[in-house]
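Survey of secondary and tertiary structure
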Amino acid sequence: KWNHADIVIDGDVAAQQGIRYNIFQLNQTYTGQDERLNIGPKGFTGEKYGGSTYWDTEAYLIQFYLSTSDTQVARNLLIYRYKHLQKAIENAQKLGFTGGAALYPMVTMNGEECHNEWEITFEEIHRNGAIAFAIFNYIRYTGDKAYLAEYGLEVLIAISRFWAQRVNFSEDKQKFVMLGVTGPNEYENNVNNNWYTLKMAQWTMKYTAESIAWLKQTDANAWSKIAVKTEFNETDDLKKWNHISENMYFPFDEKRGVFLQQDGFLDKELKPVNAIPEGQRPIHKNWSWDRILRSCYIKQADVLQGLYFFEEQFDTATIKRNYDFYEPLTVHESSLSACIHSIIAARLGDERRSYEFYLSASRLDLDDYNSDSDEGLHITSMGGTWMSIVQGFGGMRIKNGGLSFCPFIPEKWDSFSFKINYREHLLKIEINRKTVVIHNDSLHSLDLELFDKKHTIGQGQKIEVSMNCDRN
């Protein structure tokens, strides 16, 4: 496990200790040998959350297991949700949804909703989108499109049916809207038209339609079986999804050129976090919930979470405008916050902030930053910390159907290296101040991009190029 998952950092003992502690806990927590099991946000390290499964698995943890373990490990995380599909349909039925629409639970052991707060169970429905995105992310990374026919497409259809019923048409806007939701920012409840939730809904319906078209073309018999099993109807489902997707409302501020977290966000008093008086942070321990909910302050990435997932759909200028607007309003009082901000900061060339966010995430429990590690460690953040190095500093992406890297090295480091498994290839990536070296320790050659230039690495071979990445 260490031979495949270790990250080596030279020149920064605190950063090295942080990531190794995180990797150790991730491998202690989940082996992937049993698809009936999943990952709790505290793993086995504490009783908070009771070992239940959250959306954290699909949004923050699956990438670590995809890249450092056998493909079956991440596949089993997805199969876990497939096995709970009928329960997700029952959860949706309890709320009045019909026709096989599925709402996966916010918190669960066996597929039933285990959370006891209505504003979470009924409103924080973006978790459905994370589960759909994980299917896409798994297939994009592994190339295992067979998963669609075996398991994935049934889940996507059920989730898309939920989204299609959860929106309603606004005569005023002449668009489809989504009312009464809670986005990833849990310092806002019961808002209308949360941008991130709308984006996840639109994308899911589009991706489901694309997946159906692909399976129809490549395996008509497999699609026919799924269509019968799900009672699929072209008009009620596919045409409806396409119509909604093309006519979805998204709140946007023309003046600033940013996506609005939700309707009415600009009605708030927009003061940066550094305007909060000394001694009043964290605000969730010092302010009333009434005050928090009326404030502009953001617990964790919300709009920025969507820009992280769908980065390829937006140019650098758009990402930067939104980052520059929302990050100063973010109090980072969720353990899920620092990692996403670190990756986006790296994407924008803000190397100092990217490193600061990484260090905060990697040592969250070692240094007990939030004075809550006695309740259990932050396993989700640990997965995000790994992403901060590999996707942030390493600049790893799936682009143009293949693997791509655009790395930089933090100022305090002399060098760093990591390994990934990618489609039966074991790669070692070494980065120092002068060069990037990628070793292909497998029996097959691999095409990839490094600094946007195509390279082919033969079996047992390596490439070495100079550091010259322009992240803008």
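As a reminder, the structure under discussion sits directly above these lines.
These figures come from a predicted structure and were not determined experimentally. (Residues numbered from 1 in each chain as written. Predicted model: local features only at pLDDT ≥ 70, side-chain atom pairs only at ≥ 80, totals over all residues. Heavy atoms only, no water.)

Along the chain, the regular secondary structure elements total 18 helices and 13 strands. A globule of 472 residues ought to have a C-alpha radius of gyration of about 23 Å, and the chain, at 22 Å, matches this closely. By its C-alpha atoms, the chain is 60 × 60 × 45 Å across when sized along the principal axes. Burial analysis of the chain (472 residues in total) assigns 61% to the buried set. Within the chain, counting contacts between residues at least 6 apart in sequence, those at least 24 apart form 64% of the total. Per element, the accessible surface of the chain, about 19600 Å² overall, is 46% carbon and sulfur. Across the chain, 51 positive and 63 negative side-chain charges occur, with their mean positions spaced 2 Å apart. (Helix = DSSP H or I, 4+ residues; strand = E, 2+ residues; numbered from the N terminus. Rg over C-alpha atoms; globule rule 2.2 N^0.38 Å. Buried < 20%, exposed > 50% of the residue type's maximum accessible area, 1.4 Å probe, protein only. Contact = heavy atoms within 4.5 Å. Areas by Shrake-Rupley, 256 points an atom, 1.4 Å probe, with all protein chains shown as cover. Lys, Arg positive; Asp, Glu negative; His and termini not counted. Charge placed at Lys NZ, Arg CZ, Asp CG, Glu CD.)

The next point concerns the packing of helix α4 (residues 71-83) against helix α7 (residues 127-142). Here α4 crosses α7 at 155 degrees, and the two axes come no closer than 11 Å. Between α4 and α7, the angle is such that the two are roughly antiparallel. The handedness of the crossing between α4 and α7 comes out as left-handed. Each of Thr71, Ala74, Arg75, Leu78 and Arg81 in α4 lies in contact with α7, whose residues at this interface are Ile131, Ala134, Ile135, Tyr138 and Thr142. Of the residues contributing to the contact of α4 with α7, the split by class is 6 nonpolar, 2 polar and 2 charged. (Axes fitted to C-alpha atoms, helices over the stretch in contact; angles between N-to-C directions. Parallel < 35°, antiparallel > 145°, perpendicular 65-115°, else oblique. Left-handed = near helix turned anticlockwise from the far one by under 90°. Nonpolar A, V, L, I, M, F, W, Y, C, P; charged D, E, K, R; others polar.)

This part takes up the sheet that holds strand β10 (residues 435-440). The sheet built from 5 strands is open, its strands ordered β1-β8-β9-β10-β13 with antiparallel pairing. The open sheet has two free edges, formed respectively by β1 (7-10) and β13 (462-466), since each of these has just one partner strand. Along the sheet, successive strands turn relative to each other by an average axial angle of 15 degrees, direction set aside. Note that β10 and β13 share 5 bridges and pair antiparallel. For Thr435, the partnering residue across the bridge sits in β13 and is Ser466. Contacts from helix α18 (residues 379-393) reach β1 and β8 (415-422) within the one sheet, and its direction differs from that of β8 by about 95 degrees. (Pairing = 2+ DSSP bridges.)

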